[in-house]
Amino acid sequence: MSDPASARSSRPTIRRMESSDLPTVLETDTLCLPRPWGEVGWREELRSPFNLLLVLEEGDALVGHIAVQLVGDELHITTLAVRPEHRRRGYARILVESAITGSPDARFAYLEVRPSNAAARGLYGALGFAEVGRRRRYYGDEDALLMARDLRG
Ligand SMILES: CC(C)(COP(=O)(O)OP(=O)(O)OC[C@H]1O[C@@H](n2cnc3c(N)ncnc32)[C@H](O)[C@@H]1OP(=O)(O)O)[C@@H](O)C(=O)NCCC(=O)NCCS
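Just so you know, these numbers come straight off a predicted model, no measurement behind them.

Chemist: I keep staring at the site of the ligand and nothing clicks. Help me out?
Modeler: Near the ligand there are 21 residues, and of these Leu 80, Arg 88, Gly 90, Arg 93 and Asn 117 occur at the shortest range. One of the backbone N or O atoms of Leu 80 is found 2.8 Å from a nitrogen atom in the ligand. Judged by the fraction of its atoms near the pocket grid, the ligand is located in the largest pocket. Mapped by element, the contributors of at least two residues to the shell around the ligand are β4 (74-82), α4 (91-101), β5 (108-113) and α5 (118-126). For the shell around the ligand, the leading source of residues is α5, giving 6 residues. Taken together, the residues of the shell around the ligand sort by class into 13 nonpolar, 3 polar and 5 charged.

Structure follows, in structure tokens:
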């Protein structure tokens with residue numbers, strides 16, 4: 001029988017990213033993304049007043065993160081990653097919805113995604129994002145699909 005105390009301790013929690021999280025964030029990015037930002041990029045993101053950076057913890061382990069930029073009423077999801085062994089537990093969904101909830105001025109959300117990234121396209125489709133355009137050669141080696149969600153109402 002599972003121990004209720006350990007079940008409680010592994011419940012996911014969301015909090016703002018801190019600079020002390022960067023070693024784990026960088027490691028997660030290396031596991032998850034073809035072109036991680038690197039430490040200099042993350043430190044710039046942490047400094048920007050327009051950004052909301054969140055991490056998801058399971059117990060003591062930091063297993064995912066999201067970065068969004070808010071300009072006017074537009075929220076741009078700039079990166080998102082969940083460590084491979086923690087996927088399909090709804091954590092990316094929690095990260096995206098927490099970033100949206102944490103940006104009450106946002107009326108529209110958008111992001112770019114690789115056409116070949118079936119997991120991310122599945123996620124964003126499940127979260128109500130629709131394809132609204134394509135950015136040619138956005139990633140250099142691949143186009144980006146532009147996906148958007150109307151947050152009003
Ligand atoms: C994309 C990613 C963030 C999804 O993380 P996750 O925590 O596994 O996603 P969730 O468990 O919250 O999934 C929520 C829903 O998204 C969809 N989804 C998630 N992964 C999927 C997959 N591999 N295939 C199809 N749909 C998927 C499903 O509808 C899922 O709901 P369900 O599990 O009830 O079917 C993760 O796969 C990842 O880190 N990938 C590498 C980095 C990346 O691609 N980042 C996004 C760049 S735009």
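Chemist: In this structure, what is going on with the pairing of strand β7 (residues 144-150)? I would like to understand it.
Modeler: Side chains on a regular strand alternate between the two faces of the sheet. The element β7 is largely enclosed, with a buried count of 5 among its 7 residues. Note: β5 against β7, 6 bridges, orientation antiparallel. Paired with Glu 112 across the strands is Leu 146, a residue of β7. In the sheet, strand β6 (residues 130-135) pairs with β7 via 5 bridges, with the strands oriented antiparallel. The residue of β7 that forms the bridge with Ala 130 is Ala 148.

Chemist: It is not clear to me how unusual backbone geometry should be interpreted in this structure. Could you clarify?
Modeler: Excluding glycine, residues mostly carry a negative phi; peptide bonds, for their part, are mostly trans. At Arg 88, a position not held by glycine, the phi torsion is positive, near 60°. You can see Arg 88 is positioned in the loop between β4 and α4. For Arg 88, a relative accessible area of 85% corresponds to the exposed category. Even without being glycine, Arg 137 reaches a positive phi, approximately 55°. Here Arg 137 is to be found in the loop between β6 and β7. Arg 137 gets classed as exposed once you look at its relative accessible area, which sits at 56%.

Chemist: It is not clear to me how the sheet that holds β5 should be interpreted in this structure. Could you clarify?
Modeler: Strand order in this open sheet of 7 strands is β1-β2-β3-β4-β5-β7-β6, and the pairing throughout is mixed. Since the sheet does not close on itself, it has two edges, and those belong to β1 (12-16) and β6, each with one partner. Adjacent strand axes in the sheet meet at a mean angle of 25° when their direction is disregarded. Lying over the sheet, helix α3 (residues 38-47) contacts β2 (51-58), β3 (61-71) and β4, oriented at roughly 110° with respect to β2.

Conventions adopted
Residues numbered from 1 in each chain as written. Predicted model: local features only at pLDDT ≥ 70, side-chain atom pairs only at ≥ 80, totals over all residues. Heavy atoms only, no water. Near = heavy atom within 4 Å. Polar contact = N/O pair within 3.5 Å; in protein donor to acceptor, adjacent residues only side chain to side chain. 1 Å grid on protein atoms, 1.4 Å probe; cavity = no way out; pocket = protein on both sides within 12 Å on 5 of 7 lines; lining within 4 Å. Sits in = over half its atoms within 2 Å of the grid points. Helix = DSSP H or I, 4+ residues; strand = E, 2+ residues; numbered from the N terminus. Nonpolar A, V, L, I, M, F, W, Y, C, P; charged D, E, K, R; others polar. Buried < 20%, exposed > 50% of the residue type's maximum accessible area, 1.4 Å probe, protein only. Pairing = 2+ DSSP bridges. Axes fitted to C-alpha atoms, helices over the stretch in contact; angles between N-to-C directions. Contact = heavy atoms within 4.5 Å.

Limitation: the analysis is restricted to geometry and does not speak to function.
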